[in-house]
Amino acid sequence: MIELVNKSGASVVLSPVGAAIVSVTVPDAKGVMADVCLGYDKDATYVNDGPYLGKCPGRFANRIGLGRFSLDGVEYKLPINNGPNHLHGGPEGFSEREWDAKVEGNVVTFSLVSPDGDCGYPGKLSVSVRYAWSDDNVLSMEFKARTDAPTILNLTNHAYWNLDGHGKGSILDHKLQIKASRWLPTDKTQIPTGEIAPVKGTVMDFTAPVRLGDHIHDEVEPIQIAKGYDHCWVFDKVAEGELSVVLSSERSGRTMEVYTDQPGVQIYTGNWLEGCPAGKGGAHYGDYCGVAIECQNFPDAPNKTNFPSCVLRPGELFSRKIAYKFR
């Protein structure tokens, strides 16, 4: 594992397995340090752990309906690993690989090469994720990729956050704000229907800060299907460095601001964390003990012509950025 420490003593630990964020230790409102990211003590635990703690899934983060898509008139079939669908690149996706690591001060660049046909995806893909940890407690990520043949790509990070400290109970009292007035309704297998719907008047409205526990057990179909939140929101503005999501805890006084140029975000409230491997220091991670804020393209984008394109072609550079600012 690789540790980055800034001038104030706040730190980040990363693992080459899945290019994972293992820990982020930052001060609370009183200056007391705590680790606010769910994770494991050993690199080996990150392999096939179930909830993808802190890892970078790929080639396509999130779900692809029935594990099928067509590109340039050719149909491709992918492994099925989430009900009838393909999830996070399949059971042997990027999240299960050991990435090459290059460390330069408080910057770490992980890279890997995915061969043509890897998990059913076309094209040889070279991909990297660059992490940088600043003295003002900003953890920034930059994804880059190139391909030698047309392919599809959707990259994000799957860290789970608890601003009271990992292993310190649920995140249901955390407040969440998403700069998004629309979201993506899904079918019963959590594949988007193709509709882009307004959040106003629904349990999906986080345009102002909302306590995560306020509606997480409501008897409305989207919540019931997912046992909580596991849905994609469509950002109102898409630009580099755009403030897109704010997570806060009154208990600790910590706030995390998320900046990205991605078009959407999957919010997952850890609805099925129970039964995952023991966390750092033997911590128990039960359901709702962490929230994943996965800035990304839209799920099932290869099969929805009205969604932003996820196609990467030879000669093009895939580049996406995410930054987490703690205060």
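Small disclaimer: the values here were computed from a predicted structure and weren't measured. (Residues numbered from 1 in each chain as written. Predicted model: local features only at pLDDT ≥ 70, side-chain atom pairs only at ≥ 80, totals over all residues. Heavy atoms only, no water.)

(A) Quick peek at the overall build of the protein. Of the regular secondary structure elements, the protein holds 1 helix and 25 strands. Relative to its length of 327 residues, the protein is compact, with a C-alpha radius of gyration of 18 Å against a globular reference of 20 Å. Each of the three principal axes of the protein carries a C-alpha extent, and together these read 60 × 50 × 35 Å. Taken over 327 residues, the protein has a buried fraction of 57%. For the protein, the share of sequence-separated contacts (at least 6 apart) that also reach a separation of at least 24 residues comes to 68%. (Helix = DSSP H or I, 4+ residues; strand = E, 2+ residues; numbered from the N terminus. Rg over C-alpha atoms; globule rule 2.2 N^0.38 Å. Buried < 20%, exposed > 50% of the residue type's maximum accessible area, 1.4 Å probe, protein only. Contact = heavy atoms within 4.5 Å.)

(B) Fine view of the packing of aromatic side chains. Taken as a whole, this structure holds 12 aromatic pairs when the rule is applied. On the numbers, 5.1 Å between centres and 50° between planes, the contact of Trp-161 with Tyr-324 is tilted. Placement of Trp-161 in strand β14 (residues 160-161) and of Tyr-324 in strand β25 (residues 318-326) is noted, with a sequence separation of 163 residues between them. In this structure Trp-161 comes out as buried when scored by relative accessible area, which is 0%. Ring centres of Tyr-229 and Trp-233 lie 6.2 Å apart, and the angle between their planes is 50°; this geometry places the pair in the tilted category. We note that Tyr-229, like Trp-233, is buried. (Phe/Tyr/Trp six-rings, centres within 6.5 Å; stacked < 30°, edge-to-face > 60°.)

(C) Broad picture of the sheet that holds strand β16 (residues 182-183). The 6 strands lie next to each other as β14-β23-β22-β19-β16-β17, forming an open sheet whose pairing is antiparallel. In this open sheet, the two strands that pair with only one neighbour each are β14 and β17 (197-198). Both strand β19 (residues 230-234) and strand β22 (residues 264-268) contribute to a ladder of 5 bridges, which runs antiparallel. The residue bridging Cys-232 from the neighbouring strand is Gln-266, located in β22. (Pairing = 2+ DSSP bridges.)

(D) Inspection of the side chain of His-231 at higher detail. Within the secondary structure layout, His-231 lies in strand β19. Within the structure, the side chain of His-231 is placed 3.3 Å from the backbone oxygen of Pro-222, a separation counted as a polar contact. Setting aside chain neighbours within four positions, we find His-231 in contact with Trp-183, Met-204, Pro-222, Ala-226, Val-265, Gln-266 and Ile-267. (Polar contact = N/O pair within 3.5 Å; in protein donor to acceptor, adjacent residues only side chain to side chain.)

(E) Summary view of the pattern of salt bridges. This model, assessed by the stated rule, comprises 17 salt bridges. Where Arg-211 meets Asp-214, a salt bridge forms, and the shortest distance between an N and an O atom there is 3.2 Å. Accessibility expressed as a relative area gives 30% for Arg-211, which makes it partly exposed. Residue Asp-214 is classed as partly exposed on the basis of its relative accessible area of 41%. For Glu-257, the salt bridge is made with Arg-327, and the minimal N-O distance between the two is 2.8 Å. Highlighted residues: Glu-257 in strand β21 (residues 255-260) and Arg-327 in the segment after β25, separated in sequence by 70 residues. For Arg-327, a relative accessible area of 54% gives the class exposed. Salt bridges sharing partners connect three or more residues here, namely Asp-49, Lys-55 and Glu-96. (Salt bridge = Lys/Arg side-chain N within 4 Å of Asp/Glu carboxyl O.)

(F) Seen up close, the sheet that holds strand β1 (residues 2-5). Pairing is antiparallel across the open sheet formed by 4 strands, whose spatial order is β1-β2-β3-β4. Looking at strand neighbours, the two that pair on one side only are β1 and β4 (33-35), the edges of this open sheet. On average, each strand axis in the sheet is tilted by 15° relative to the strand beside it, whichever way the strands run. As paired strands, strand β3 (residues 20-27) and β4 are joined by 3 bridges and run antiparallel to one another. The partner of Val-26 across the bridge, within β4, is Ala-34. (Axes fitted to C-alpha atoms, helices over the stretch in contact; angles between N-to-C directions.)

(G) Examining the pairing of β21 more closely. When you tally the buried positions in β21, you get 5 out of 6 residues, the bulk of the element. One ladder, built from 6 bridges, connects strand β20 (residues 242-248) with β21; its direction is antiparallel. Bridging across to β21, Leu-247 finds its partner in Met-256. Counted along the chain from β20 to the antiparallel partner β21, the turn is 6 residues long, and its residue Gly-253 has a positive phi close to 80°. With 5 bridges joining them, β21 and β25 adopt antiparallel strand pairing. Within β25, the position partnered with Thr-260 by the bridge is Ile-322.

(H) Expanded view of the nonpolar core. By size, the foremost hydrophobic cluster in this structure holds 64 residues, and its most contacted members are Ile-21, Val-24, Trp-161, Ile-178, Trp-233, Ile-293 and Tyr-324. With residues near it in sequence (within four places) discarded, Trp-161 still touches Val-24, Val-36, Cys-37, Ile-171, Leu-247, Met-256, Gly-290, Val-291, Ile-293, Tyr-324 and Phe-326. Within the second largest apolar cluster, 16 residues are counted, among which are Val-17, Val-22, Ala-283 and Tyr-285. (Core = buried A, V, L, I, M, F, W, Y, C linked by side-chain atoms within 4.5 Å.)

(I) Fine view of the pairing of strand β2 (residues 11-15). Among the 5 residues that make up β2, 5 are buried, leaving the element largely enclosed by the rest of the structure. In this structure, β1 lies alongside β2, joined through 4 bridges in antiparallel fashion. Looking at the pairing, Val-5 lines up with Ser-11 of β2. Linking two consecutive strands that pair antiparallel, namely β2 and β3, is a turn of 4 residues; a positive phi of about 70° is found at Gly-18 within it.

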